[in-house]
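Structural features, examined
Here is what each chain is made of, one letter per residue.
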Amino acid sequence: MKYYIYLMILLAVSLTAQEKLRVIYNVLENEEADNYEIYSMNLDGSDKKNISNWEGLDWAYYAYKDKIYFVSDRGREHRDYILYEMDADGNNVRNISDIRLRDSFFGSRKNGTEIIIFPNQIVDSVFYIINKSGNLIKKVDPGLVYFADPIFSPDGESIVFRGAHKKSKREEGFDDELYI
């Protein structure tokens, strides 16, 4: 049984000379195997297709122009995520970085040449800005005990992220808010 995860990312892809919008979304293909796939469809719901085709965990979090950026545990331990890129049709899959990541949103700036990511807690406890080759450009410490899901503001000058002054959602008084 397939479970459709309705957290969708709208992706503007240029598949022809005309701009064509596609919806990119994640599907739980096999719950027992914890197999998530990335699908694509037209805005009207037609032409649905699996574009990741990987038995494991592929989870799309970001798109820029005709590229989809996703975390995956391909060739690694289960849920040991690293960053990948692929064309909007699922071709040309490329590993961007071997930095182990948290399950978190991310974004880019400077025409997609710089990406902000959130390393796994065993790697570091700050955000990383990397280039498209996976090289670290800068570390950014938000200064809160809880933070996640960094994205750049549209002008690329600020970082928007979720944060809190308490460490865990289980703590009384935990307020998960947006910060800049």
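Residues numbered from 1 in each chain as written. Predicted model: local features only at pLDDT ≥ 70, side-chain atom pairs only at ≥ 80, totals over all residues. Heavy atoms only, no water.

1. A word on the nonpolar core
This is how it is decided: Within this scheme, the nonpolar core is defined by two criteria: the residues are buried Ala, Val, Leu, Ile, Met, Phe, Trp, Tyr or Cys, and they are joined through side-chain atoms within 4.5 Å. Each residue gets one of three labels from its accessible area relative to the maximum for its type: buried under 20%, exposed over 50%, partly exposed in between, using a 1.4 Å probe on protein chains only. Think of it this way: any DSSP run of H or I at least four residues long counts as a helix, any run of E at least two long counts as a strand, and we number them from the N terminus. Contacts were defined at the residue level, with two residues in contact if any of their heavy atoms lie within 4.5 Å.
One finds Leu83, Phe106, Ile115, Ile117 and Ile130 to be the most contacted residues of the largest nonpolar core, which totals 19 residues. Among the elements of the structure, β5 (58–64), β6 (67–72), β7 (81–87), β8 (94–101), β10 (114–117) and β11 (127–131) are those that each provide at least two residues to this core. Discounting residues that sit within four places of it in the chain, Ile130 has contacts with Leu83, Ile96, Ser97, Ile99, Thr113, Glu114, Ile115, Ile117, Asn135, Leu136 and Ile137. Among the nonpolar cores identified, the runner-up in size contains 15 residues, and Ile116, Val140, Tyr146 and Phe152 belong to it.

2. Here we look at the sheet that holds β6
Pairing between the strands of a sheet comes from backbone hydrogen bonds, and it takes one of two forms, parallel or antiparallel. We apply this condition: Between any two strands, at least two bridges found by DSSP are needed for them to pair. Angles run from 0 to 180 degrees between N-to-C directions of axes, and those axes are lines fitted to C-alpha atoms, restricted for helices to the stretch in contact.
An order of β5-β6-β7-β8 is seen for the 4 strands of this open sheet, with the pairing classed as antiparallel. Strand pairing shows two members of the sheet lacking a second neighbour, β5 and β8, which therefore form its edges. Recorded for the sheet is a direction-independent mean angle of 25° between the axes of neighbouring strands. Sheet analysis places β6 next to β7, joined by 6 bridges and oriented antiparallel. Looking across to β7, one finds that Ile68 is bridged to Met86.

3. What about unusual backbone geometry?
Positive phi outside glycine occurs at Asn92, with the angle close to 55°. By secondary structure assignment, the location of Asn92 is in the loop between β7 and β8. Residue classification places Asn92 among the exposed residues on the basis of a relative accessible area of 56%. Notably, Lys110 is not glycine yet its phi reads approximately 50°, a positive angle.

4. Points about the pairing of strand β13 (residues 146–152)
Burial within β13 is extensive, with 6 of its 7 residues counted as buried. Two strands pair when backbone bridges link them, and β13 and strand β14 (residues 159–164) are joined in this way by 5 bridges, in the antiparallel orientation. If you follow Ala148 over to β14, its bridge partner there is Arg162. Between β13 and β14, which pair antiparallel and follow one another directly, the connecting turn spans 6 residues, one of which, Gly156, has a positive phi of 80°.

So yeah, pure geometry; function would need other evidence.
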